[in-house]
Amino acid sequence: DNTKVHKAVVSTQSTGMRVFEDPDVTHVDGEVDPIRDTETIFQELRMKDISYLNDNIEKVHKVVARMGDKDKAAKNEYETMLKARDLLKEGKDVRKCTWSNKEIEALNKHLLLTSKPVIYLINMSEKDYIKKKGKWLMKIKKYLDESDPGAMMIPFSGALEQRLLDDPDNAKTFLEENKTQSNLSKIIVQGYKTLGLQYFFTVGADEVRAWTIQRYTKAPQAAGKIHSDMERGFIKAEVYKYDDIVEHKSETAVKAAGRYRMEGKNYEVQDGDILMIKFNVTDTKKK
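Note on numbering: residues in each chain are counted from 1, in written sequence order. Note on the predicted model: pLDDT of at least 70 is required for a residue's local features to be given, and 80 or more for side-chain atom pairs to be given and counted; whole-chain, interface and lining totals, by contrast, use all residues. Processing note: side-chain calculations cover all non-hydrogen atoms of the structure and skip hydrogens and water entirely.

Focus: helix H9 (residues 184–195)
Going along the chain from the N terminus, every DSSP run of H or I of four or more residues is numbered as a helix, and every run of E of two or more is numbered as a strand. To estimate how far a helix should reach, multiply one less than its number of residues by 1.5 Å. Look at H9: 17 Å from first C-alpha to last across 12 residues, which is about the 16 Å you get at 1.5 Å a residue. Three exposure classes are used, based on accessible area relative to the maximum for each residue type with a 1.4 Å probe and protein chains only: buried under 20%, partly exposed in between, and exposed over 50%. Those residues of H9 not exposed but buried are Ile187, Gln190 and Gly191. Looking straight down H9, one finds its buried side chains confined to an arc of 105°; they lie on one side. Taken together, the buried residues of H9 touch strand E2 (118–123) and strand E3 (152–156). Starting at the helix axis, one direction is taken to each C-beta atom, and the arc is that of these directions. Should any heavy atoms of two residues lie within 4.5 Å, those residues are considered in contact.

As for the sheet that holds strand E8 (residues 273–279)
By this definition, two strands are paired if DSSP reports at least two bridges between them. The strand order E5-E4-E8-E6-E7 describes an open sheet built from five strands, whose pairing is mixed. The open sheet has two edge strands, strand E5 (208–214) and strand E7 (261–263), and neither has a second partner. Across the sheet, the mean angle separating the axes of adjacent strands is 40° when strand polarity is ignored. Across three bridges, the pairing between strand E6 (residues 234–241) and E7 is antiparallel. Note on E7: the bridge partner recorded for Glu238 is Met262. A fitted line through C-alpha atoms serves as each axis, taken over the contacting stretch for helices, and the angle formed by two N-to-C directions is quoted from 0 to 180°. Across the sheet, H9 touches strand E4 (197–203) and E5, and the angle it forms with E4 is around 110°. Against the sheet, helix H10 (residues 219–226) contacts E4, E5, E6 and E8, and its axis sits at roughly 125° relative to E5.

As for the environment of Asp148
If you trace the backbone, Asp148 turns up in the loop between helix H6 (137–147) and E3. Overall, Asp148 belongs to the buried group, its relative accessible area being 10%. Remark: the alpha-carbon pair of Asp148 and Asn123, spanning 25 residues in sequence, is separated by 19 Å. N or O atoms closer than or at 3.5 Å make up a polar contact, with two conditions inside protein: a donor-capable atom paired with an acceptor-capable one, and, for residues adjacent in sequence, both atoms drawn from side chains. Within polar-contact distance, the side chain of Asp148 engages the side chain of Tyr120 at 2.8 Å.

Details of the nonpolar core
The nonpolar side chains of soluble globular proteins are, as a tendency, buried together. Remark: nonpolar core denotes a set of buried residues (Ala, Val, Leu, Ile, Met, Phe, Trp, Tyr, Cys) joined through side-chain atoms within 4.5 Å. By size, the foremost hydrophobic cluster in this structure holds 21 residues, and its most contacted members are Val19, Phe42, Tyr120, Ile122, Met124, Ile140 and Leu164. Counting residues per element, the ones that place at least two in this core are helix H2 (34–67), E2, H6, helix H7 (158–166) and helix H8 (168–177). It is H6 that provides the largest number of residues to this core, a total of four residues. Other than its neighbours up to four places away in sequence, Val19 contacts Val32, Pro34, Ile122, Asn123, Met124, Trp136 and Ile140. Formed by 16 residues, the second largest nonpolar core is a distinct cluster that contains Ala74, Ala84, Leu88 and Cys97.

This is the structure:
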């Protein structure tokens, strides 16, 4: 239970669904049933959310009782928390319910576990993963289509990933011979997308750095991730894409192809941008 409580500090959840049979890896319920296991996990998360709301509703109610209609935000928060608790008691996850903008604003003050988007990671045996077949795949897809429409489902094999980690020298050959691939990159990329995160890059003579930012971040704020002076004194950003450098092989060729451009303060940095920040900070301190 304590490990589930810690999930409250993140913005998304990855739910592992075991579909492989292995006599050496015993299951707490005796047999493999990923749908049953997932329902058990979500019920526990709903109980955690109910417990949290029970502990905090009274605090907000005291503010409402003292301020009345004078504090409309507190009243909205109180009513939204009551609504969320009632829905959770009915077995409904917060993320699957309909909320007004004001209710969403109130919910964002709280880190309810069932409000977070979920990525379903389907852990298959190495054999089934390579064959891209398994008795549970279609059952899980049907279950998710009905219970969590639009949710991301990613098959992978923990056994395969472990093999690749244990023998990196032969990993490429193994994947080619079995006509398969690791899905770790997809898991990472989809996790970033679900969190609303993306990368941009800076390139120096002896170093390439990747920086993580929220989607829709403007160029000055992205520059601030590197150093606060860059945000404060931002002038412009020279921009090209990672795909451009892969295609054209050099910065000179990227410029010749017309893929190198200047962007100002209102530019929203895109995933995979390579930025050269131009800035100027004047020291205004009196001597």
